[in-house]
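Architecture at a glance
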Amino acid sequence: MIASVRGEVLEIALDHTVIEAAGIGYRLNVTPATLSTLTRGEETRLYTAMIVREDSMTLYGFADTEARDLFGLLQTVSGVGPRLAMAVLAVLEPEALRKALAESNVAALTRVPGIGKRGAERMVVELRDKVNLVPVQSGPPGTPTPVSTPVREQVVEALTGLGFPAKQAEQAIDAVLAEQPAADTSVGLRAALNLLGKNR
């Protein structure tokens, strides 16, 4: 079982990436949010789930263990396979998925292509209690919990409006505010955009 892959990003496509580790190029199916964190030529580590079928072996890559564990949990629902589980995580980031299940938000789940009202209701019934057993991914030990301020909220809202994933937007403004605690919204937004531009 391959649990993670670390190495140079060789290729970034619409739904997958190729990472070279120890001279072998591994093709990993990933979500758009994970793809947006990768840069060709740079080293990265992705946590993986390996699905073995009679006619194929497929690796799925995730930025953290929480997303990987939720991917596995989603497949315990009748009728949900790896492809549909990835579609769920592409539309709903882990925090949004937890919230939708906890609040029985069928409308949020039906935004996922391939999931109808009945399928969403089945997911809520089967996963509502189990989803809290998946550990929430947190930063490295000693990482302070970000404080939500009006500047932080406005910058995150502006960045997500520009198409950046919420998690990436939050990480960028948190890094900026750690350096410049007194930054106002316009300064914070410019600095966060600058940071995100370097990471692309």
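Structure first, text after, so check above.
Keep in mind that what you see is a predicted model, and the values were worked out from it rather than measured.

Next up on the list: the pattern of salt bridges. What the rule picks out here adds up to 6 salt bridges. For lysine 117, the salt bridge is made with glutamate 121, and the minimal N-O distance between the two is 3.0 Å. Of the two residues, lysine 117 and glutamate 121 are both situated in helix H6 (residues 117-127); the distance of 4 residues between them amounts to about one turn of the helix.

One finds Phe62, Phe71, Leu74, Leu97, Leu101, Leu109 and Met123 to be the most contacted residues of the largest nonpolar core, which totals 32 residues. Elements with a contribution of two residues or more to this core: strand E4 (43-52), strand E5 (57-62), helix H2 (65-74), helix H3 (82-91), helix H4 (94-102), helix H5 (106-109) and H6. In terms of residue count, the dominant contributor to this core is H3 (6 residues). With near-sequence residues (within four places) excluded, leucine 97 lies in contact with Leu70, Leu74, Val88, Leu89, Leu92 and Leu109. Formed by 14 residues, the second largest nonpolar core is a distinct cluster that contains Val151, Phe164, Ala169 and Ala191.

Before going further, it helps to spend a moment on the side chain of histidine 16. Structurally, histidine 16 can be placed in strand E2 (residues 16-21). In this structure the side chain of histidine 16 is engaged in a polar contact, spanning 3.3 Å, whose partner is the side chain of glutamate 11. Beyond its immediate sequence surroundings of up to four residues, histidine 16 is in contact with Glu11, Arg27, Leu28, Asn29, Val30 and Leu35.

Bringing the environment of valine 9 into the picture now. Among the secondary structure elements, valine 9 is positioned in strand E1 (residues 4-12). Under the relative-accessibility criterion, valine 9 is labelled buried at 1%. Note: C-alpha distance between valine 9 and arginine 111 (102 residues apart in sequence) is 31 Å. Beyond its immediate chain neighbours, meaning those up to four positions away, valine 9 contacts Thr17, Val18, Leu38, Thr39, Arg40, Gly41, Glu42 and Thr44.

Thresholds, definitions, all that
- Residues numbered from 1 in each chain as written.
- Predicted model: local features only at pLDDT ≥ 70, side-chain atom pairs only at ≥ 80, totals over all residues.
- Heavy atoms only, no water.
- Salt bridge = Lys/Arg side-chain N within 4 Å of Asp/Glu carboxyl O.
- Helix = DSSP H or I, 4+ residues; strand = E, 2+ residues; numbered from the N terminus.
- Core = buried A, V, L, I, M, F, W, Y, C linked by side-chain atoms within 4.5 Å.
- Buried < 20%, exposed > 50% of the residue type's maximum accessible area, 1.4 Å probe, protein only.
- Contact = heavy atoms within 4.5 Å.
- Polar contact = N/O pair within 3.5 Å; in protein donor to acceptor, adjacent residues only side chain to side chain.

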